[in-house]
Amino acid sequence: MIGLFLIARIADERVALPTVAVGSVVEVDQVAPVPRVAPHIAGLFALRSRVLTVIDSRAALGLGRIVCTGIGTAVIVESDGHSYALLVDEVEDVVEALPPAACPSVLEPGWRRVALGTIRHEGQALLLVDPIALIAGEERSAA
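The following paragraphs examine the structure supplied in this document. (Residues numbered from 1 in each chain as written. Predicted model: local features only at pLDDT ≥ 70, side-chain atom pairs only at ≥ 80, totals over all residues. Heavy atoms only, no water.)

Comments concerning the pattern of salt bridges
Evaluated as defined, the whole model comprises six salt bridges. Of the charged contacts in the structure, one is a salt bridge between Arg9 and Glu90, with a shortest N-O distance of 3.6 Å. Placement of Arg9 in strand S1 (residues 3–10) and of Glu90 in strand S8 (residues 90–97) is noted, with a sequence separation of 81 residues between them. The exposure class of Glu90 is partly exposed, given its relative accessible area of 36%. With a shortest N-O distance of 3.0 Å, Arg14 and Glu92 are connected by a salt bridge. Placement of Arg14 in strand S2 (residues 13–18) and of Glu92 in strand S8 is noted, with a sequence separation of 78 residues between them. Given a relative accessible area of 17%, Arg14 falls into the buried group. What emerges from the salt-bridge pattern is a single network uniting Arg9, Arg14, Glu90 and Glu92. (Salt bridge = Lys/Arg side-chain N within 4 Å of Asp/Glu carboxyl O. Helix = DSSP H or I, 4+ residues; strand = E, 2+ residues; numbered from the N terminus. Buried < 20%, exposed > 50% of the residue type's maximum accessible area, 1.4 Å probe, protein only.)

Shown next, in the form of structure tokens:
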């Protein structure tokens, strides 16, 4: 059965996210920092009278931080009744693809922790990323 996937770039890698997990894609302009939070939490962002926790996807993977000068792009997802904004480098498109196949056996630890499988799009294998694992950040591996 064919599924829908959001194609985005995180740490300059094209990845896919399952659209069932995606609420919307927005531009983030002002993130309010929060003291004493995990390193992958960039801060808080107000969206349509709601406050969302902003997750730096690169930091959640242990790959540095997203450089955001001005307006950034975020994918809005929900987990346990809370909304989160996942900062990404870019959002490309929503595409149809066959169900995911197994992950490659060689992935860096951050990618391995968030990988759900791979999909094929335009002849390329794209890593299917679990947005909930990005929200958890590097701490999830310790659990």
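Read on for the rest.
Here's the deal with the sheet that holds strand S10 (residues 124–129)
If you walk across this open sheet you meet the five strands as S8-S1-S2-S10-S9, and the pairing is mixed. Two strands bound the open sheet, and with one partner strand each, they are S8 and strand S9 (115–121). Sheet twist, expressed as the mean angle between neighbouring strand axes with direction ignored, is 35 degrees. As paired elements, S1 and S2 share six bridges and run antiparallel to each other. From the neighbouring strand, Ala8 faces S2, where its bridge partner is Val15. (Pairing = 2+ DSSP bridges. Axes fitted to C-alpha atoms, helices over the stretch in contact; angles between N-to-C directions.)

Quick look at unusual backbone geometry
Of note, Arg48 is a non-glycine position whose phi angle comes to about 50 degrees, a positive value. Mapped onto the elements, Arg48 comes out in the loop between strand S4 (41–47) and strand S5 (50–56). Judged by relative accessible area, Arg48 falls into the exposed class, the value being 59%. Look at Asp80: it is not a glycine, yet its phi comes out positive at around 50 degrees. Inspection of the secondary structure puts Asp80 in the loop between strand S6 (72–79) and strand S7 (82–88).

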